[in-house]
Amino acid sequence: MEANLARESIDQELRRRQLAQRLVAHQARTRTIFRLTGLSRHQLATMRRRWQVTAEMRRRGPVPKSFAAFLSTQRTRDEAAVMALWWRLFASVGATSQPNGRTGRLEIGECLCDVFEAHTACFPASTLELDHLVLLSKSVDEAAALALGRCATCEAVMLADLLGPRRRRCYRCQRAEAVSPLPTTSDEQKRVVSIGEGVQQELF
Ligand SMILES: [Zn+2]
């Protein structure tokens, strides 16, 4: 019994350090790494020295809090929609694998890394950072300012700006509508559906 507990403790510590290494490699800010791994500042500084992480390899400053990075161009809107879709799918799978249906900080961190790595593989020139993914995942889970849904006209997956005007149609349909106005449907609100379920994210 004691041997099993010791083994679990070692496994947990190994997972924590592996997660920290992935987060450092993805240039997550120190605050994000602390919250997801529970490592102390001293532990993280020691690991960075061991991994030979230079100052130039780190992102500094406050974590992003503005949604402008997702909504500034059609390219970033599309990238953010894909990123948010992956988050909901990966997070849903992760949550169902937990015995109590609740996701811990290590699982959330590993899921964020999985999503970011998939995103980077598909969009190697993307300007979205791992800390943007943290902000995006929290936002779409809460559906407070941004939500993942489908365009009311073409049903493409889109990132809906819940605080902006004309948010129920994708950018392409909005442009088409500007040229040739579409009839407004009374149930447009209902046609935007959510995708996946959110996970507990009290960490951020
Ligand atoms: Zn559309």
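Residues numbered from 1 in each chain as written. Predicted model: local features only at pLDDT ≥ 70, side-chain atom pairs only at ≥ 80, totals over all residues. Heavy atoms only, no water.

Caption draft 1: Inspection of the environment of Ala 144 at higher detail. Looking at where Ala 144 falls in the secondary structure, it is placed in the loop between α7 (130-142) and β1 (146-150). Between the C-alpha atom of Ala 144 and that of Leu 162, which follows or precedes it by 18 residues, the distance is 7.2 Å. When residues no more than four places from it in sequence are discounted, the contact partners of Ala 144 are Ser 139, Leu 162 and Leu 163. (Helix = DSSP H or I, 4+ residues; strand = E, 2+ residues; numbered from the N terminus. Contact = heavy atoms within 4.5 Å.)

Caption draft 2: Geometry of helix α2 (residues 30-37). Counting buried positions along α2 yields six of eight residues, so the element is predominantly enclosed. Within the sequence span of α2, burial applies to Thr 30, Thr 32, Ile 33, Phe 34, Leu 36 and Thr 37. Structurally, α2 contributes buried residues whose contacts are with α1 (2-25), α3 (41-50), α6 (105-122) and α7. Following α2 by one or two positions, Gly 38 adopts a phi angle in the positive range, close to 80°. (Buried < 20%, exposed > 50% of the residue type's maximum accessible area, 1.4 Å probe, protein only.)

Caption draft 3: Local environment of the coordination of the zinc ion. Donor atoms from the polypeptide that bind the zinc ion are Cys 151 (SG), Cys 154 (SG), Cys 170 (SG) and Cys 173 (SG), placed at 2.3 to 2.4 Å. The coordination sphere of the zinc ion comprises four donor atoms, whose angles at the metal cover 106 to 113°; the geometry is tetrahedral. Each donor residue of the zinc ion lies on the same chain, and together they follow the pattern C-x2-C-x15-C-x2-C. Taken as a pair, Cys 154 in the loop between β1 and β2 (157-161) and Cys 170 in the loop between β2 and α8 (171-179) lie far apart in primary sequence, 16 residues in all. (Donors = N, O, S within 2.8 Å, 3.2 Å for Na, K, Ca; no water. Tetrahedral: all angles 85-135°; square planar, octahedral: opposite > 155°, others 65-115°.)

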